[in-house]
Amino acid sequence: MSAVLADCPQPGSPIAVVLLGTGVVGGALLKLLNTPAAAAPLRLVGAANSRRQQTDPRRLAQRSLREQLRHEGDPRDDAALFAALDASDAAARVIIDATASAALAARHATWLAQGYHVVTANKALAGGELAGWRALQAALASGARYGDAATVGAGLPVLSTLRRLRSCGDSLLTLEGVFSGSLSYLFNQYDGSLPFSALLAQARALGYTEPDPRSDLSGEDVVRKLLILARHAGFSLGSDEVEVESLVPPALREVDAATFLDHLPELDAALAERHAQAAARGNVLRFLARLNQRGRARVGLVEVPPTHPSARLYGTDNQFALTTTRYNTQPLVIQGPGAGPEVTAQALLGDVLALRAGA
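Residues numbered from 1 in each chain as written. Predicted model: local features only at pLDDT ≥ 70, side-chain atom pairs only at ≥ 80, totals over all residues. Heavy atoms only, no water.

Peer 1: Just checking my understanding: could you explain the overall build of the protein for this structure?
Peer 2: The secondary structure content of the protein amounts to 16 helices and 13 strands. For 359 residues, the compact-globule formula gives about 21 Å, and the C-alpha radius of gyration of the protein, at 21 Å, lands near that figure. Summarising its shape, the C-alpha atoms of the protein cover approximately 65 × 50 × 35 Å along the three principal directions. Of all 359 residues assigned to the protein, the portion counted as buried reaches 51%. Put simply, of all contacts in the protein between residues at least 6 apart along the chain, 69% involve residues at least 24 apart. Distance from the positive charge centre (34 side chains) to the negative charge centre (34 side chains) of the protein: 5 Å. (Helix = DSSP H or I, 4+ residues; strand = E, 2+ residues; numbered from the N terminus. Rg over C-alpha atoms; globule rule 2.2 N^0.38 Å. Buried < 20%, exposed > 50% of the residue type's maximum accessible area, 1.4 Å probe, protein only. Contact = heavy atoms within 4.5 Å. Lys, Arg positive; Asp, Glu negative; His and termini not counted. Charge placed at Lys NZ, Arg CZ, Asp CG, Glu CD.)

Peer 1: Can you walk me through the packing of aromatic side chains in this structure?
Peer 2: According to the stated counting rule, one finds seven aromatic pairs in the structure shown. Between Tyr190 and Phe196, the ring centres sit 5.4 Å apart and the planes meet at 85 degrees, which makes this aromatic pair edge-to-face. Given a relative accessible area of 0%, Phe196 falls into the buried group. Grouped by ring-pair contacts, the aromatic residues Phe82, Trp111 and Tyr116 constitute a single cluster. (Phe/Tyr/Trp six-rings, centres within 6.5 Å; stacked < 30°, edge-to-face > 60°.)

Peer 1: Got a minute to help me understand the nonpolar core in this structure?
Peer 2: If you look at soluble globular proteins, the nonpolar side chains tend to sit buried side by side. Membership of the largest hydrophobic core comes to 74 residues, with the highest contact counts inside it found for Leu20, Leu186, Phe187, Leu217, Leu226, Leu229 and Leu291. If one sorts the elements of this core by residue count, helix H13 (residues 220–232) sits on top with seven residues. Contacts of Phe187, omitting those with residues within four sequence positions, involve Phe196, Leu247, Leu271, Leu285, Arg286, Phe287 and Leu301. Grouped together as the second largest cluster of nonpolar side chains are 27 residues, Leu19, Leu30, Leu44 and Val119 included. (Core = buried A, V, L, I, M, F, W, Y, C linked by side-chain atoms within 4.5 Å.)

Peer 1: Hey, could you run me through the pattern of salt bridges in this one?
Peer 2: A side chain with one charge can pair with a side chain of the opposite charge if their charged atoms come near. Under the defined criterion, the tally for this structure stands at 16 salt bridges. The salt bridge partner of Arg290 is Glu176, with a shortest N-O separation of 2.5 Å. Note that Arg290 is positioned in strand S10 (residues 284–291) and Glu176 in strand S8 (residues 172–178), a separation of 114 residues in sequence. The exposure class of Arg290 is partly exposed, given its relative accessible area of 34%. Given the relative accessible area of 21%, Glu176 is considered partly exposed. Between Glu245 and Arg274 there is a salt bridge, with the nearest N and O atoms lying 2.5 Å from each other. In this pair, Glu245 is assigned in the loop between strand S9 (242–244) and helix H14 (257–262) and Arg274 in helix H15 (residues 268–280), connecting sequence segments 29 residues apart. By relative accessible area, which is 18% here, Glu245 ends up buried. One network of salt bridges, in which partners are shared, links Glu243, Glu245, Arg274, Arg296 and Arg298. (Salt bridge = Lys/Arg side-chain N within 4 Å of Asp/Glu carboxyl O.)

Peer 1: Would you take a moment to explain the sheet that holds strand S3 (residues 52–54) for this structure?
Peer 2: Strand pairing in a sheet is mediated by backbone hydrogen bonds. Such pairs are either parallel or antiparallel. Taken in spatial order, the seven strands of this open sheet run S4-S3-S2-S1-S5-S6-S7, and their pairing is mixed. Of all strands in the sheet, those bounded by a partner on one side alone are strand S4 (74–75) and strand S7 (146–147). Strand direction decides the pairing type here: strand S5 (residues 92–97) and strand S6 (residues 117–120), joined by four bridges, are parallel. Opposite Asp97, over in S6, you have Thr120 as the bridge partner. Along the sheet, helix H5 (residues 78–87) makes contact with strand S1 (15–20), strand S2 (42–48), S3 and S5, crossing S1 at roughly 165 degrees. (Pairing = 2+ DSSP bridges. Axes fitted to C-alpha atoms, helices over the stretch in contact; angles between N-to-C directions.)

Here it is, written out as structure tokens:
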């Protein structure tokens, strides 16, 4: 893969894009690329799912591209994809990673060092091992840009706000919130009238959870988001330094997905007891992430009073409450939908368009 210039394009200059991942989020992004906001400045020169890819301009322009890639296209070959990117005369060349692949995320730093801009919804690098985070920061010295708005809060202005506060000399003291759209939905709805397993099955049918809900219930996704935020705030936290409460019973953590789904009712008794205890005190349960100014971090189920900000969430809302040296009498709260392919795809598009604006 040859190196390319990483300079931001001037307003009006085209941007060449390769999209990796045409699943739910990638498919939503393909629809956005056909809108007037994206059609003029962006040029899609390659798209790929895990098995097939397309670099033919005529095929890439078709609205049925995502469906076509399920059945036809060249075998996946990243060298050919990036050759198409290099052959473009666009002022900037961007790799969009719309997957959750840890293997792809591990290559982000390499792509940046080679001069490609990277825009991603993939949390596995920035929210993974501390060594990966440090490699990412070192690679950014090449001048390439890393668009990460979609990694936390599905594009809510959390990372941009945190970066702006820090650039102004403000410091994060505490961080607390609900960082998972699926867990937000589950505990906003859970009132004891239905077994938790039944509510989880409903949420899964609505597409609010991963196909294997343990990805949500384990707290792993929340940990990655907390690590990304903490590291941007200047805390060099490793993944092993976060205390995590998994909602998955130990006996169900290593079984296959089908077996886990067959045993969902085994979650009910423990959660029903905790709900009853909280309700007896007039409180509710929320799955919270917390970070204090000493760098202590915890993710897990918490009992909160009805006056707590997280007790007033709706649907799949995420909430981020930041207390800083300047926002110290009352936290700065960012809240809104924290899940959904459309808002996540919009965050990806926004990061690509920001290159054109030089933002």
